[in-house]
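Listed below are the residues making up each chain.
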Amino acid sequence: MALGDGYVGVVALDTPEPVSLAVLGGSADGQGIVGGQTNLAVSAGVGGGSLIGGNGNDSFLAAPGGDPWQVILGSGRDTVVTSGHDTVTTSVGEPGLGHAAIFLGAGGSLVVSGGLDTVVGGAGADTVFSTSDALVYGGSGALTLVEQTAATMVGGAGSATVFGASADGDVVYGGTGSTEFVGATGRASVIGGSGALTVFAGSGGGMVAAGPAPSKIYAGAGMLIEAGQGDSTITGAAGVCVSLAGDGMAEVALGAGPETIDASAASGSNALFAGAGADLVLAGTGQDTIFAGSGAATLVGGSHTVFDIRCSRVAGQHRDRQLQCRQQPIAARRLRRQR
């Protein structure tokens, strides 16, 4: 079936058994296509319009440089290829049941993913809202992913910004472009790629593994942080565990509560600020400086470690902290107490 210029076509077929129907779009705007149990194969013209698919297995191919389309899909196994500023919504009426494969073009599209969908970003600035377990790949353009439930994002050459879900299970893999993750209350895993990484972790815990590029990590309580390949700035709440390995330079500043900073496998020059509480800090082989707060702590120096150990005052009297310093052979060391 072909839709001519100035013609609005409506196809509504509900049959006992699914049938297939091919539709060729025209050049005019305002085209409309509606499918029930039909397996629709729509090749759009340069004109814009709307497609409402049913429970069949539908496909939609946008024309390069065409006007925008609004594509609304049901619970079938659908395929969509966009071109311009298109809007795609999946699993309408039956959340979590559809399986759509969506390939975004150069125009910058909006996707509302309600099913177990796979979304591949394009060259434009794309936005994806995921209300189910979507798998999203970044393209060469900027990608923004907003998660209502847990999803997986694999970064591409373009920048990616991910807003995490309140449910556990977010997984983010950075690409060659920069990645920014803003966590919520769900447990998340963030693995940096070769691009710069910025993480604002939420309260759900989880882990962050930085890549070789510079990283800035604001860790929530109880998180596990792995860094050291590239230069890193790590700020953490209570109960954070930081592991450094590699020749990157790191600045680590943790909050009150028991924390662990393990830089024993690191060779870079690191500044390690342990907060108040029973902390364990292990220095590496580089020019490390350890700043210890109040509370019991165990500090283990490396070959070039500088300690800065501070005490606290209570009611005008000195109260030395309980401190255990175990040292490996040290070439340059100074121990300073300020009262």
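Scoring rules and cut-offs
Residues numbered from 1 in each chain as written. Predicted model: local features only at pLDDT ≥ 70, side-chain atom pairs only at ≥ 80, totals over all residues. Heavy atoms only, no water. Helix = DSSP H or I, 4+ residues; strand = E, 2+ residues; numbered from the N terminus. Buried < 20%, exposed > 50% of the residue type's maximum accessible area, 1.4 Å probe, protein only. Contact = heavy atoms within 4.5 Å. Areas by Shrake-Rupley, 256 points an atom, 1.4 Å probe, with all protein chains shown as cover. Phe/Tyr/Trp six-rings, centres within 6.5 Å; stacked < 30°, edge-to-face > 60°. Core = buried A, V, L, I, M, F, W, Y, C linked by side-chain atoms within 4.5 Å. Pairing = 2+ DSSP bridges. Patch = residues over 30% accessible without salt bridge, like charges linked within 9 Å, V, L, I, M, F, W, Y side chains within 5 Å. Salt bridge = Lys/Arg side-chain N within 4 Å of Asp/Glu carboxyl O. pLDDT = per-residue confidence, 0-100.

Undergrad: Help me understand the overall build of the protein chain in this model?
TA: Looking only at helices and strands, one finds zero helices and 36 strands in the protein chain. Within the protein chain, the fraction of its 339 residues that count as buried is 47%. Across the protein chain, contacts joining residues at least 24 apart in sequence account for 10% of those joining residues at least 6 apart. Split by element, the accessible area of the protein chain, about 14000 Å² in all, is 56% carbon and sulfur.

Undergrad: Which parts of the structure should I look at to understand the packing of aromatic side chains?
TA: The way to describe two aromatic rings as a pair is by their centre distance and the angle between their planes. Taken as a whole, this structure holds three aromatic pairs when the rule is applied. Centre to centre, the rings of Phe-60 and Trp-69 are 5.2 Å apart; their planes meet at 55°, and the pair counts as tilted.

Undergrad: When you look at the nonpolar core in this model, what are you seeing that I'm missing?
TA: Proteins that are soluble and globular tend to have nonpolar side chains buried together. Phe-60, Ile-225, Leu-244 and Val-252 are the most contacted members of the largest nonpolar core, which totals 57 residues. Discounting chain neighbours no more than four positions away, the residues touching Phe-60 are Val-42, Ala-44, Leu-51, Trp-69, Val-71, Thr-79, Val-80 and Val-81.

Undergrad: Please clarify how the pairing of strand E24 (residues 232–236) should be interpreted in this entry.
TA: Remember that side chains alternate between the two faces of the sheet whenever the strand is regular. Of the two faces of E24, only the one carrying Ser-232, Ile-234 and Gly-236 is buried; Thr-233 and Thr-235 on the other face are not. In the sheet, strand E22 (residues 215–219) pairs with E24 via five bridges, with the strands oriented parallel. Considered in E24, the bridge of Ser-215 is made with Ser-232. Both E24 and strand E26 (residues 250–254) contribute to a ladder of five bridges, which runs parallel. Bridged to Gly-236 within E26 is Leu-254.

Undergrad: Is there a simple way to explain the side chain of Ser-113 in this structure?
TA: With respect to the element layout, Ser-113 can be found in strand E10 (residues 110–113). Leave out the neighbours within four places in its chain, and Ser-113 touches Thr-90, Phe-129, Ser-130, Thr-131, Ser-132 and Ala-134.

Undergrad: Which parts of the structure should I look at to understand the side chain of Ser-130?
TA: Tracing the sequence through the fold places Ser-130 in strand E12 (residues 126–130). Setting aside chain neighbours within four positions, we find Ser-130 in contact with Ser-113, Leu-145, Val-146, Glu-147, Gln-148, Thr-149 and Ala-151.

Undergrad: I keep staring at unusual backbone geometry and nothing clicks. Help me out?
TA: Backbone geometry follows two general trends: most residues other than glycine have a negative phi, and most peptide bonds adopt the trans configuration. Residue Ser-91 is not a glycine yet carries a positive backbone phi of 55°. In this structure, Ser-91 sits in the loop between strand E8 (87–89) and strand E9 (101–103). Take Ser-91: its relative accessible area is 4%, and that puts it in the buried class.

Undergrad: Explanation requested: a nonpolar patch on the surface in the structure shown.
TA: There is a patch of nonpolar side chains on the surface, built from Leu-61, Val-81 and Phe-103 and spanning about 230 Å² of accessible area. Within the secondary structure, Phe-103 sits in strand E9.

Undergrad: Would you mind showing me how to read the environment of Gly-121 here?
TA: Within the element layout of this structure, Gly-121 appears in the loop between strand E11 (118–120) and E12. For Gly-121, a relative accessible area of 13% gives the class buried. Expressed as a C-alpha distance, the spacing of Gly-121 and Gly-139, which sit 18 residues apart in the sequence, is 4.3 Å. When neighbours within four sequence positions are excluded, Gly-121 is seen to be in contact with Leu-104, Asp-126, Tyr-137, Gly-138 and Gly-139.

Undergrad: I would appreciate a short explanation of the environment of Gly-56 in the present structure.
TA: Inspection of the secondary structure puts Gly-56 in the loop between strand E4 (49–52) and strand E5 (59–61). Residue Gly-56 is classed as buried on the basis of its relative accessible area, which comes to 3%. When the C-alpha atoms of Gly-56 and Gly-74 are compared, they prove to be 7.5 Å apart, with 18 residues separating the residues in sequence. Contact partners of Gly-56, with chain neighbours within four places excluded, come to Gly-36, Gln-37, Thr-38, Asn-39, Gly-76, Arg-77 and Asp-78.

Undergrad: Teacher, can you tell me more about the confidence of the model for the protein chain here?
TA: Should the pLDDT be low somewhere, the predicted coordinates at that spot are not to be read in detail. Per-residue pLDDT for the protein chain has a mean of 83; in total, 84% of the residues score no lower than 70. A low-confidence stretch, residues 311–339 stays under pLDDT 50, and its non-local contacts, those more than four residues away or across chains, total 65 contacts.

Undergrad: Help me understand the environment of Ala-266, please; the structure alone is not making it clear to me.
TA: Among the structural elements, Ala-266 can be located in strand E27 (residues 260–266). In this view, Ala-266 contacts Leu-244, Ala-245, Gly-246, Gly-284, Thr-285 and Gly-286; residues no more than four positions away in its chain are not counted.

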